[in-house]
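Per-entry structural report
Residues per chain, in single letters:
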Amino acid sequence: MTHTLLLIDSGNTAWMLTSTMLVLLMSIPGIALFYGGLVRQKNVLSIIMQTIFLVAVVSILWVIFGYSWVFDTSFAEKGNPLAFVMGGFGKAFMNGISPDSVTSGNIPELLFAMFQCMFAVITPALILGAFAERIKFSGYIVFIVLWVTLAYFPMAHWVWGGGFLQEMGAIDFAGGTVVHINAGISALVMAIMLGKRTGYKPGHPITPHNTTFVFMGTAFLWLGWFGFNAGSGLAADGIAANAFMVTHTATAAAALTWMAIDWIFNKKPTVIGTCTGAVAGLVAITPAAGSVGLFGAFLIGIITSAICFCMVAVAKPRFGYDDSLDAFGVHGVGGIVGSVLTGVFATRAITGEDGVQGALYGDWHQLLVQVIATLFSIAFSAAVTFILFKATDATVGLRVDKRMEEEGLDIYEHGESAYNH
């Protein structure tokens, strides 16, 4: 046995293996069921196909060059000006990484790479909800490959791979900027540019075809999020335990908040609403899970759920955009609120004596850093998505024709039907 092998912590490794599998559950079957249940019966397979394709293609992109782009350091070491946007290609195809290679948390670097792969997978999956029921599969393929490469990889490098946002001190424990703001803002841009679904009327939402699927998807997301957040410390320790607790608490508070608002204003507590509130809570606590305690978790869940409800129930009908499954209203807005509130509720009771703290505890600088990181993420994601939409639409095309949309994407795009009657 080599000395390197002795460095591997078996407890941390076991937890990270589990966390990696939990994060994969968020995409398949989590997002596939959650979004699949929300669309009409004629389009459920298109959501499933988009999700499973995405899992496969992003995983391949990640092991070929994505991991190296985000986490390699060769460009910075050589003074390459491209170091601002990427780490380098020294670890392309996992070059130089053996089963004995160890990284933070004393876990195998191959395991760290796969854990991060699942983040790269789930992020573009969140965007699907914005353009559901009206996008060409061929155009979707081109757009997603370009988006992951030019939007996700640079953001992940800036926040987690030693880039300028990380150096600036922005707190993003598990993906508020990299995942949720990045995907949510892109979702809004796509929804606006692609146009409304045929027959869509603001204020008259299209009825989900399978509420049970929505609940099952929410359950898988809630479960998987414990790997997403509690795994992001890369160790089986007290920070993981805190992340686990605040994730669950914020989610529970957000679910109850949405249910209560729904009951007050719409006269009935709905399953769809409560599930949506739970997801909003999961989103918002993500950047804060490693730095806030129970008090912060409660307030983040309650505040975010209320704001997301207003965006979905008030702002979307008011402005008339067709964010089909509220990818922006929940993930984009939830990510923005959570990222900013991290700068309010971060506490040294969790981060340690030399750790960061938020404005509530006297550090207004951290709140400013969070706001800057949030605004940059919004601007970057919007700009990249706008350019990629224009390029893809001009070459392959993105919108299906009216007849295909009316008949359903399952039959026209995939030649299959989800239910045989």
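Residues numbered from 1 in each chain as written. Predicted model: local features only at pLDDT ≥ 70, side-chain atom pairs only at ≥ 80, totals over all residues. Heavy atoms only, no water.

1. Some words on helix α9 (residues 211–230)
We apply this condition: Helix and strand definitions follow DSSP, with helices as H or I runs of at least four residues and strands as E runs of at least two, each counted in order from the N terminus. Multiplying one less than the number of residues by 1.5 Å gives the expected span of a helix. Consider a residue and the seven residues that end there alongside the seven that start there; fitting an axis to each set, the bend is the angle between those axes. The classification of residues rests on relative accessible area computed with a 1.4 Å probe and restricted to protein chains. Under 20% of the type maximum is buried, over 50% is exposed, and intermediate values are partly exposed. When checking whether two residues touch, look at their non-hydrogen atoms; a contact exists if any pair is within 4.5 Å. Nitrogen and oxygen atoms within 3.5 Å of one another constitute a polar contact, given that in protein one can donate a hydrogen and the other can accept it, and given that sequence-neighbouring residues count only through two side-chain atoms.
Spanning 20 residues, α9 covers 28 Å between terminal C-alpha atoms, matching the ideal 28 Å at 1.5 Å per step. Gly-224 marks where α9 bends most, by close to 30°. Within the sequence span of α9, burial applies to Val-214, Gly-217, Thr-218, Leu-221, Gly-224, Trp-225, Phe-226, Gly-227, Phe-228, Asn-229 and Ala-230. If you follow the buried residues of α9, they end up packed against α2 (10–38), α5 (109–127), α8 (176–194), α10 (238–266), α11 (271–285) and α13 (327–345). N-cap assignment for α9: the residue whose side-chain oxygen lies 3.1 Å from the backbone N of Thr-212 is Asn-210.

2. Focus on the nonpolar core
Test applied: Here, the term nonpolar core denotes a set of buried Ala, Val, Leu, Ile, Met, Phe, Trp, Tyr and Cys residues that are joined through side-chain atoms within 4.5 Å.
Among the nonpolar cores identified, the biggest contains 120 residues, and Trp-62 and Tyr-152 are the most heavily contacted of them. Among the elements that line this core, the one with the most residues is helix α3 (residues 44–71), at 15 residues. With sequence-adjacent residues up to four places away left out, Trp-62 is seen in contact with Tyr-67, Val-70, Phe-71, Met-94, Ala-113, Gln-116, Cys-117, Ala-120, Tyr-152 and Phe-153.

3. A closer look at α2
Between its first and last C-alpha atoms α2 spans 41 Å; for 29 residues at 1.5 Å apiece the expected length is 42 Å, and the two agree. Helix geometry: α2 is bent most strongly at Gly-30, by close to 40°. Taking the backbone nitrogen of Gly-11 as reference, a side-chain oxygen 2.9 Å away marks Asp-9 as the first, capping residue of α2.

4. Points about the confidence of the model for the protein
Any region with low pLDDT has predicted coordinates that should not be read closely. Convention followed: pLDDT is defined as a per-residue confidence score from the predictor, taking values between 0 and 100.
Taken over all residues, the pLDDT of the protein has a mean of 95, while the share at 70 or more is 98%. Here residues 1–5 is modelled with pLDDT under 50, and outside its nearest four sequence neighbours on either side it reaches 5 contacts, counting other chains as well.

5. Focus: the layout of surface pockets
For clarity, the cut-off: Only protein atoms enter the calculation, which uses a 1 Å grid: trapped sets of points that fit a 1.4 Å probe without letting it out are cavities, open sets showing protein on both sides within 12 Å along at least five of seven lines are pockets, and any residue with an atom within 4 Å of a point is a lining residue. Grid points are joined across faces, edges and corners, and a volume is the space filled by probe spheres set on the points. Nonpolar residues are Ala, Val, Leu, Ile, Met, Phe, Trp, Tyr, Cys and Pro. Charged residues are Asp, Glu, Lys and Arg, and all others, Gly as well, are polar.
Taken as a whole, the largest pocket spans an internal volume of roughly 760 Å³. Lining the largest pocket are 31 residues, with Pro-205, Ile-272, Val-312, Lys-316 and Asp-326 positioned closest to its centre. Elements with a minimum of two residues in the lining of the largest pocket: α2, α10, α11, α12 (294–319) and α13. At 5 residues, α12 tops the list of elements feeding residues into the lining of the largest pocket. Looking at the lining of the largest pocket residue by residue, the class counts come to 18 nonpolar, 9 polar and 4 charged. Here the second largest pocket defines a volume of roughly 310 Å³. Along the walls of the second largest pocket sit 14 residues, with Trp-160, Gln-166, Asp-172, Phe-173 and Ser-232 positioned nearest its centre. Elements supplying a minimum of two residues to the lining of the second largest pocket: α5 and α6 (137–160).

6. Observations concerning the pattern of salt bridges
What counts, and what does not: We define a salt bridge as a contact between a side-chain nitrogen of Lys or Arg and a carboxyl oxygen of Asp or Glu at a distance within 4 Å.
A full pass over the atoms with the stated rule returns 7 salt bridges. Glu-133 is the partner of Arg-40 in a salt bridge, and the nearest nitrogen-oxygen pair spans 3.1 Å. Linking Arg-40 in the loop between α2 and α3 with Glu-133 in the loop between α5 and α6, this pair joins segments that are 93 residues apart in sequence. Residue Arg-40 is classed as partly exposed on the basis of its relative accessible area of 21%.

7. So, the side chain of Ser-291
Examined against the element boundaries, Ser-291 turns out to sit in the loop between α11 and α12. Looking at Ser-291, the relative accessible area reads 2%, which means it is buried.

8. So, the packing of α13 against helix α15 (residues 364–395)
To be explicit about the condition: Between N-to-C directions, angles cover 0 to 180 degrees, with each direction set by a line fitted to C-alpha atoms, over the stretch in contact for helices. Oblique is the label for every angle not falling under 35 degrees (roughly parallel), over 145 degrees (roughly antiparallel), or within 65 to 115 degrees (roughly perpendicular). Put simply, a crossing is left-handed when the front helix is turned counterclockwise from the back one by less than a right angle, and right-handed when it is turned clockwise.
For the pair α13 and α15, the least separation of the axes is 7 Å and the interaxial angle reads 165°. Taken together, the axes of α13 and α15 lie roughly antiparallel to each other. Of the two possible hands of crossing, α13 and α15 adopt the one that is right-handed. In this structure, α13 contributes Ile-336, Ser-339, Val-340, Thr-342, Gly-343 and Val-344 to the contact, and α15 contributes Gln-366, Leu-367, Gln-370, Val-371, Thr-374 and Ile-378.

9. Overview of the environment of His-209
Locating His-209 in the fold gives a position in the loop between α8 and α9. On the basis of relative accessible area, His-209 is assigned to the partly exposed category, the value being 22%. Along the backbone, His-209 and Lys-42 are 167 residues apart, and their C-alpha atoms lie at a distance of 9.0 Å. Beyond its immediate sequence surroundings of up to four residues, His-209 is in contact with Gly-36, Gly-37, Leu-38, Val-39, Arg-40, Gln-41, Val-44 and Tyr-419. Looking at His-209, its side chain comes within polar contact range of the main-chain oxygen of Val-39, at 2.9 Å.

10. A short note on the packing of aromatic side chains
This is how the line gets drawn: Only Phe, Tyr and Trp rings are paired, with Trp represented by its six-membered ring, and only when their centres lie within 6.5 Å; those with planes under 30 degrees apart are stacked, over 60 edge-to-face, the remainder tilted. A ring is considered to have a charge above it if a Lys NZ or an Arg CZ atom is located within 6 Å of its centre and within 35 degrees of its normal.
Overall, the coordinates contain 32 aromatic pairs when judged by the stated rule. Centroid distance Trp-225 to Phe-228: 5.3 Å. Interplanar angle 65°. Geometry classified as edge-to-face. Of the two residues, Trp-225 and Phe-228 are both situated in helix α9; the distance of 3 residues between them amounts to about one turn of the helix. Residue Trp-225 is classed as buried on the basis of its relative accessible area of 1%. Through a chain of ring-to-ring contacts, three or more aromatic side chains come together here, namely Trp-62, Phe-65, Tyr-67, Trp-69, Phe-71, Phe-75, Phe-89, Phe-112, Tyr-152 and Phe-153. Sitting above the plane of the Phe-319 ring, Arg-318 keeps its charged end 5.6 Å from the centroid.

11. Examining empty space enclosed by the protein
This structure, assessed with the given rule, holds 1 cavity of 30 Å³ or more. Roughly 30 Å³ of internal volume is contained in the largest cavity. For the lining of the largest cavity, the per-class residue count stands at 5 nonpolar, 3 polar and 1 charged.

12. Things to note about a nonpolar patch on the surface
The criterion, for reference: Patch rule: a residue counts if its relative accessible area is over 30% and it has no salt bridge; like charges are joined within 9 Å, and nonpolar side chains (Val, Leu, Ile, Met, Phe, Trp, Tyr) within 5 Å. Using a 1.4 Å probe, the Shrake-Rupley method yields the accessible areas, and only the shown protein chains count as cover for residues.
Nonpolar side chains collect at one region of the surface, where Met-245, Leu-294, Phe-298 and Ile-302 lie side by side and expose about 340 Å² of accessible area between them. Its place among the elements puts Phe-298 in helix α12.

13. Things to note about the packing of α10 against α12
Between α10 and α12, the least distance of the axes is 7 Å, while the angle of their chain directions is 40°. In this structure, the crossing between α10 and α12 has a hand that is right-handed. Contacts between α10 and α12 pair Met-245, Val-246, Thr-249, Ala-250, Ala-253, Ala-254, Thr-257, Trp-258, Ile-261, Asp-262 and Asn-266 from the former with Leu-294, Ala-297, Phe-298, Gly-301, Ile-302, Ser-305, Ala-306, Cys-308, Phe-309 and Val-312 from the latter. Grouping the constituent residues of the contact of α10 with α12 by class yields 15 nonpolar, 5 polar and 1 charged.

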